[in-house]
Amino acid sequence: MSSTLTEPTPTPVPAASPRSRASARRRLDPNRPSGVSRWGVIAILTLSAVYFLLPLWWMVMASIKPNGRQFEEPGLWFNGFDFFGNVKALLEINDGIFLRWMANSIAYAGISAVIGTLLSAMAGYALAKYRFRGRGLAFGVILAAVLIPKVMFTLPLFLMFNAVGLLNNPLAVILPSVVSPFGVYLARVFAAQSVPDEVIEAARIDGASEGKIFFRLGVPMMAPALVTIFLFQFVEVWNNYLLPLMVLNDTSMQPVTVGLVGWAGSNGQQAPAGLIIVGAFLSVIPLVVAFLSLQRFWRAGLTAGAIK
Amino acid sequence: MTTPTLRTSGGARRRAARSAWLFLLPFALLFLLMYLVPLGFAVVQSLFKLQRSGLGLSAPTLSFDPGFNYGRLLGDADFIASLGRVVLFGVVQVPIMLGLALFLALLIDSRSAKLKGFYRLAAFLPYAVPGVISAVMWSFLYSPVTSPVNNALQEAFGFTLPFFSDSWVLWSVANIVTWGWTGYNMLIIYSSLQTVPTEVIEAARLDGASSWRIAWSIKIPMVRPALILTTIFSIIGSAQLYNEPAVLQPLSGGSITKSFTPLMSAQAQAAAQNYPYAAAQAVVIAVLVGVLSITFFKITNRGDK
């Protein structure tokens, strides 16, 4: 069993857990877990769930309390309701700069992820479906780039954009964000899995051009995988902080991460602490919704990236 | 029958190679411009010495002096200290986080667990929160002024926790990272556990093996590839520690300095317009992380064969 991200072999995502059969057998099982160990497991798992969920619960509670009561007791329970008043107050700060930041985040992440997914799909398809000189080298370089985190390139990017006068330009965020070596890696795995060589051969015999084969046959067959790639890239760009912080000085161009951290660091000068929490809560909602509603696409990406 | 195939195959292969490169071209071009060119540019810039005139009246001048910035780096106590801090962070935080992730994955996978989906989701949810946003949230939970944790402790037991004190602050940062990433790692390990054949586990059980024994002797060895992968990614993650300490920095009352981690140090130099020195720091960080990744990659690949 290979442990790493070398040449991906097409492994179909398991349809159903083979372990489900075990539950049927449980009733007949002579040495099933005792009550003590069962309750011990549930107690530890519950404790872990409290650790993971309590900070988020606090954020929700603080966001719906009337402004000014955020840091009063009880911190973890309801104490009045004025969520919509808070949102209104938040949107009034600095002529609605918060909405502007959200729109910027959506634009940067959306544009980068759409273009990036297309480029990744094309590159991954080429690496999976064609044999050509330089293929091994190209894939090796992409793998190396997957292993070296993007943040490492941020400072050099800043220095380069500074030299060519591209600072304070949305392109300075979008151009680097379009490039996703991990997306190419995923696209390669998925293309190898879901686009059969026979289909491509048949289309070639029918006289279809290579481009037409990719867009008419390859893309629809890879569609679920492309959703996964889009999601990973969208979230990565949405979460990016250091790059937009360094290349965008103009507040009105910044994404919501940079804007909110700027508020938080101002010690209440630019926005009251209570409303910063409301902003943090609102900025997380789109991502949590995306995670919850598209869970199977996440799992597909995690499995393809990690296990072979 | 075979002759025409042979005659056309050379042309077909050339045509296929051309289409392949056409498909690769847009990505390759941007990759070159956004990854390799900036890195090369940083290397070149790091070889120059920046000189400001004493009074700052004339523009600073650049002169070629390849050893200058790197020499300065070796004597930069703050930068060296930031490297040591990140190593300490990785040595402590990565085993704790992955141990927790493995433990939770095994518990959820065990026969005693109920509501598996809920616990999986609960652990994964923090990963859906952007790193800096969760740092903003935790900053309120830590802050001496606002902390609901300390409010509750003060009321119940009459003491508070010094989250931002010099000796605590690194571990306060570690807690944010652990909170955000345990569920992600747990899911990877859990997915790998699902591939352990049922028959093997059933056979061990029939032989009288306890659940602990099965976990230790069968499940953990079989998910080793997933453990190695999460370890590599976590170590690389520690080396690039930036977001969490940078968000806490202005609120920490000085316990988090501007050069708390290597990346923060490089960023501070860039913000102060010491571009050649910032470039040298960026190059050193990139080289260290690259060497680290490739070394682990080699070691784990060899161990497998």
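Bear in mind the structure is a predicted one, so any value in this text is a computation, not a measurement.

Engineer: Explain the overall build of chain B here, please?
Structural biologist: A count of helices and strands for chain B gives 13 helices and 2 strands. The buried share of chain B, reckoned over its 305 residues, is 51%. Within chain B, counting contacts between residues at least 6 apart in sequence, those at least 24 apart form 65% of the total. Carbon and sulfur atoms provide 68% of the accessible area of chain B, an area that totals close to 14,300 Å².

Engineer: I tried to follow the overall build of chain A on my own but got confused; where do I start?
Structural biologist: Within chain A, the regular secondary structure consists of 14 helices and 0 strands. Traced from its N-terminal end to its C-terminal end, chain A shows the element sequence α-α-α-α-α-α-α-α-α-α-α-α-α-α. Residues counted as buried form 53% of the 308 residues belonging to chain A. A separation of at least 24 residues holds for 74% of the contacts in chain A among residues at least 6 apart in sequence. When the accessible surface of chain A is split by element, carbon and sulfur atoms take 65% of a total near 13,400 Å².

Engineer: Help me out: how do you make sense of the interface of chain A and chain B in this one?
Structural biologist: One widely used convention gives an interface's size as the accessible area the parts lose upon coming together. With 102 residues of chain A at the interface, the matching set in chain B holds 102 residues. Run the count over chain A and chain B and you get 0 salt bridges. Across the contact surface, chain A and chain B share 4 residue pairs in polar contact (both at pLDDT 80 or more). Among the elements that take part in the side of chain A that touches chain B, helix H2 (residues 35-64) of chain A stands out by supplying 16 residues, more than any other.

Engineer: Help me understand the layout of surface pockets, please; the structure alone is not making it clear to me.
Structural biologist: The gaps of empty space that remain are located by a probe, the size of a water molecule, rolled over the atoms. Of the volumes computed, that of the second largest pocket is approximately 740 Å³. What lines the second largest pocket is a set of 32 residues, and nearest its centre among them are Tyr241 and Leu245 of chain A together with Tyr242, Gln267 and Ala271 of chain B. Considering each element in turn, the lining of the second largest pocket owes the most residues, 6 residues, to helix H12 (residues 256-265) of chain A. In the lining of the second largest pocket, the residues fall into 20 nonpolar, 11 polar and 1 charged.

Engineer: Can you walk me through the confidence of the model for chain A in this structure?
Structural biologist: Parts of the model with low pLDDT should not have their predicted coordinates read in detail. Residue and element names in this part refer to chain A. Of the residues in chain A, 86% reach a pLDDT of 70 or more, and the chain-wide mean stands at 84. Averaged over each element, pLDDT in chain A is lowest for helix H1 (residues 20-25) (48) and highest for helix H7 (residues 171-178) (96). Within the model, pLDDT remains below 50 along residues 1-28, and this stretch shows 62 contacts once partners closer than five positions in the same chain are excluded.

Engineer: Would you explain the packing of aromatic side chains in this entry?
Structural biologist: Ring pairs (aromatic) are described by centroid distance and by the angle formed between their planes. Scanning the model with the defined rule gives 35 aromatic pairs over all chains in all. Pairing Phe132 of chain A with Trp21 of chain B gives two aromatic rings, centres 5.4 Å apart and planes at 70 degrees, and the pair type is edge-to-face. Of this pair, Phe132 of chain A sits in the loop between helix H4 (97-129) and helix H5 (135-147) while Trp21 of chain B sits in helix H1 (residues 2-46), each in a different chain. Using a relative accessible area of 38% as the deciding quantity, one classes Trp21 of chain B as partly exposed. An aromatic cluster is present here, built from Trp138, Tyr142, Phe163, Phe164, Trp168 and Trp179 of chain B joined pairwise through their rings. In this structure, Arg188 of chain A is placed above the aromatic ring of Phe139 of chain A, and the distance from its NZ or CZ to the ring centre is 4.6 Å.

Engineer: Help me understand helix H12 (residues 262-271) of chain B, please; the structure alone is not making it clear to me.
Structural biologist: Side chains that are three or four residues apart share a direction in an α-helix, a result of its 3.6 residues per turn. Residues and elements named next belong to chain B. Of all 10 residues in H12, 8 are buried; the element is thus mostly enclosed. Taken as a whole, H12 has its buried residues at Pro262, Leu263, Met264, Ser265, Ala266, Gln267, Gln269 and Ala270. Gln273 occupies a position one or two residues after H12 and carries a positive phi of about 65 degrees.

Engineer: Looking at this model, I keep getting lost on the packing of helix H10 (residues 210-239) of chain A against helix H13 (residues 273-293) of chain A. Mind explaining?
Structural biologist: For any two helices packed against each other, the geometry is given by the interaxial angle and the distance between the axes. Residue and element names in this part refer to chain A. Orientation of H10 relative to H13, taken along the N-to-C sense of each, is 165 degrees, at an axis distance of 12 Å. Here H10 lies roughly antiparallel to H13, going by the angle between them. Seen from above, H10 lies across H13 with left-handed handedness. Residues Leu231, Val235, Trp238 and Asn239 of H10 lie in contact with H13, whose contacting residues are Ser283, Pro286, Leu287, Ala290 and Phe291. Of the residues belonging to the contact of H10 with H13, the class tally is 7 nonpolar, 2 polar and no charged.

Engineer: Sorry if this is basic, but what is going on with the packing of H5 of chain A against helix H8 (residues 181-194) of chain A here?
Structural biologist: Residues and elements named next belong to chain A. With their axes 8 Å apart at the nearest point, H5 and H8 run at an angle of 125 degrees to one another. Considered as vectors, H5 and H8 are oriented oblique to each other. In this structure, H5 crosses over H8, and the sense of that crossing is left-handed. Across from Arg135, Phe139, Ile142, Leu143, Ala145 and Val146 in H5, the residues of H8 making contact are Pro181, Phe182, Val184, Tyr185 and Arg188.

Engineer: Help me understand empty space enclosed by the protein in this model?
Structural biologist: All names here are of chain A. Summed over the entire model, instances satisfying the criterion amount to 6 cavities of 30 Å³ or more. Put simply, the second largest cavity is a space of about 50 Å³. Among the secondary structure elements, those contributing two or more residues to the lining of the second largest cavity are H4, H7 and H10. The greatest single-element share of the lining of the second largest cavity, amounting to 3 residues, is contributed by H4. Residue composition of the lining of the second largest cavity, grouped by class: 7 nonpolar, 3 polar and no charged.

Engineer: Help me out: how do you make sense of a nonpolar patch on the surface in this one?
Structural biologist: Taken together, the side chains of Leu22, Leu25, Leu29, Leu32, Leu33, Leu36 and Val37 of chain B present a nonpolar region at the surface, about 620 Å² in accessible area. By secondary structure assignment, the location of Leu29 of chain B is in helix H1.

Engineer: Would you explain the confidence of the model for chain B in this entry?
Structural biologist: All names here are of chain B. Here chain B averages 87 in pLDDT, and 93% of its residues register 70 or above. At the level of individual helices and strands, chain B shows its lowest average pLDDT in H1, which scores 81, and its highest in helix H3 (residues 77-109), which scores 95. Throughout residues 1-8 the model reports pLDDT below 50, and contacts reaching past four residues in sequence, or to other chains, amount to 0 contacts.

Engineer: Help me understand the nonpolar core in this model?
Structural biologist: As a rule of thumb, nonpolar side chains are buried together in soluble globular proteins. By size, the foremost hydrophobic cluster in this structure holds 185 residues, and its most contacted members are Met59, Phe98, Tyr125 and Trp263 of chain A. When near neighbours in sequence (up to four residues on either side) are disregarded, Phe98 of chain A contacts Leu90, Leu91, Val256, Leu260, Trp263, Gly279 and Leu282 of chain A. Counting residues in hydrophobic clusters, the runner-up holds 5 residues, among them Val196, Ile201, Ile214 and Ile218 of chain B.

Thresholds, definitions, all that
Residues numbered from 1 in each chain as written. Chains lettered and ligands numbered in written order. Predicted model: local features only at pLDDT ≥ 70, side-chain atom pairs only at ≥ 80, totals over all residues. Heavy atoms only, no water. Helix = DSSP H or I, 4+ residues; strand = E, 2+ residues; numbered from the N terminus. Buried < 20%, exposed > 50% of the residue type's maximum accessible area, 1.4 Å probe, protein only. Contact = heavy atoms within 4.5 Å. Areas by Shrake-Rupley, 256 points an atom, 1.4 Å probe, with all protein chains shown as cover. Salt bridge = Lys/Arg side-chain N within 4 Å of Asp/Glu carboxyl O. Polar contact = N/O pair within 3.5 Å; in protein donor to acceptor, adjacent residues only side chain to side chain. 1 Å grid on protein atoms, 1.4 Å probe; cavity = no way out; pocket = protein on both sides within 12 Å on 5 of 7 lines; lining within 4 Å. Points joined across faces, edges and corners; volume = space filled by probe spheres on them. Nonpolar A, V, L, I, M, F, W, Y, C, P; charged D, E, K, R; others polar. pLDDT = per-residue confidence, 0-100. Phe/Tyr/Trp six-rings, centres within 6.5 Å; stacked < 30°, edge-to-face > 60°. Lys NZ or Arg CZ within 6 Å of the ring centre and 35° of its normal. Axes fitted to C-alpha atoms, helices over the stretch in contact; angles between N-to-C directions. Parallel < 35°, antiparallel > 145°, perpendicular 65-115°, else oblique. Left-handed = near helix turned anticlockwise from the far one by under 90°. Patch = residues over 30% accessible without salt bridge, like charges linked within 9 Å, V, L, I, M, F, W, Y side chains within 5 Å. Core = buried A, V, L, I, M, F, W, Y, C linked by side-chain atoms within 4.5 Å.

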